[in-house]
Amino acid sequence: GAVVSQHPSWVICKSGTSVKIECRSLDFQATTMFWYRQFPKQSLMLMATSNEGSKATYEQGVEKDKFLINHASLTLSTLTVTSAHPEDSSFYICSAREATGGELFFGEGSRLTVL
Amino acid sequence: AQSVTQLGSHVSVSEGALVLLRCNYSSSVPPYLFWYVQYPNQGLQLLLKYTSAATLVKGINGFEAEFKKSETSFHLTKPSAHMSDAAEYFCAVTRAGTASKLTFGTGTRLQVTL
């Protein structure tokens, strides 16, 4: 199946710094990418829908200035956690939908720990 | 609005026993339904999906699920559990025929014992 890669797979940062997480579709073009957040032993919470070349659509309660999403190309979307705080520590997962079909593929996830 | 409910946050079975993970959905429009598996510190892997074709869907690793509209259910089964099946399983729903976002259940952790 198609491959979606996230980088970094885990990152530790100091409070107040910004962290960028990349989501790449390696062998297909993705017009739509989704960013999820998963707390320990909980389900995935959709944060935003990212469409190539346009602004992301954020879910209710998600701070768009806190979680900056950029989908500059058909194979890359980035999530930047700005001025990170310990409560932002979580597992962030992206998924990408093929441009031609409806199949959804998930990345391996990125674990963020803010000290 | 669409939602899924997974009954049982934790299920434990013996190796070789039947696996049954329950999922009930709520949707005012025809749904597409999915089962995903997640191993520790990893992303999600699609096990199987229902997209309005056959109601009995076969997936990877010997799993299958049956869409029952009358019961609004999409339970996941496997005849014989293997130790490697131990993981977190998520049921998800979206609107049929569109590229809509998925709504996930709260997950069921499957434990397989010797």
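Summarised in this report is the structure supplied together with it. Quick caveat, the model's predicted, so the values are computed rather than measured. (Residues numbered from 1 in each chain as written. Chains lettered and ligands numbered in written order. Predicted model: local features only at pLDDT ≥ 70, side-chain atom pairs only at ≥ 80, totals over all residues. Heavy atoms only, no water.)

A look at the overall build of chain B
Argument step 1. A tally of helices and strands in chain B yields zero helices and twelve strands.
Argument step 2. Taken from N to C terminus, the helices and strands of chain B fall in the order β-β-β-β-β-β-β-β-β-β-β-β.
Argument step 3. Compactness check: chain B gives a C-alpha radius of gyration of 13 Å against a globular reference of 13 Å for 114 residues, within 12% of the reference.
Argument step 4. Taking the principal axes of its C-alpha atoms as reference, chain B extends roughly 40 × 30 × 20 Å.
Argument step 5. For chain B, the residues scored as buried account for 43% of the 114 residues in total.
Argument step 6. Across chain B, the fraction of contacts at a sequence separation of at least 24, relative to all contacts at a separation of at least 6, is 58%.
Argument step 7. Across chain B, 9 positive and 6 negative side-chain charges occur, with their mean positions spaced 10 Å apart. (Helix = DSSP H or I, 4+ residues; strand = E, 2+ residues; numbered from the N terminus. Rg over C-alpha atoms; globule rule 2.2 N^0.38 Å. Buried < 20%, exposed > 50% of the residue type's maximum accessible area, 1.4 Å probe, protein only. Contact = heavy atoms within 4.5 Å. Lys, Arg positive; Asp, Glu negative; His and termini not counted. Charge placed at Lys NZ, Arg CZ, Asp CG, Glu CD.)

Side note on the pairing of strand β11 (residues 110-114) of chain A
Residue and element names in this part refer to chain A.
Argument step 1. What you see with β11 is a clean split: S110, L112 and V114 sit on the buried side and R111 and T113 on the side with no burial.
Argument step 2. The pairing of strand β2 (residues 10-13) with β11 spans four bridges and is parallel. Of the residues in β11, the one forming a bridge with I12 is T113.
Argument step 3. Sheet topology note: the strand β9 (residues 90-98)/β11 ladder contains three bridges and is antiparallel. Along β11, the bridge assignment pairs F91 with R111. (Pairing = 2+ DSSP bridges.)

Quick look at the sheet that holds strand β1 (residues 4-7) of chain A
Residues and elements named next belong to chain A.
Argument step 1. Spatial strand order, β1-β3-β8-β7: four strands in an open sheet with antiparallel pairing. Edge strands, defined here as strands with exactly one partner in the open sheet, are β1 and β7 (67-73). Each adjacent strand pair in this sheet contributes to an overall mean axis angle of 15°, direction not counted.
Argument step 2. The sheet contact formed by strand β3 (residues 19-25) and strand β8 (residues 76-81) spans six bridges and is antiparallel. (Axes fitted to C-alpha atoms, helices over the stretch in contact; angles between N-to-C directions.)

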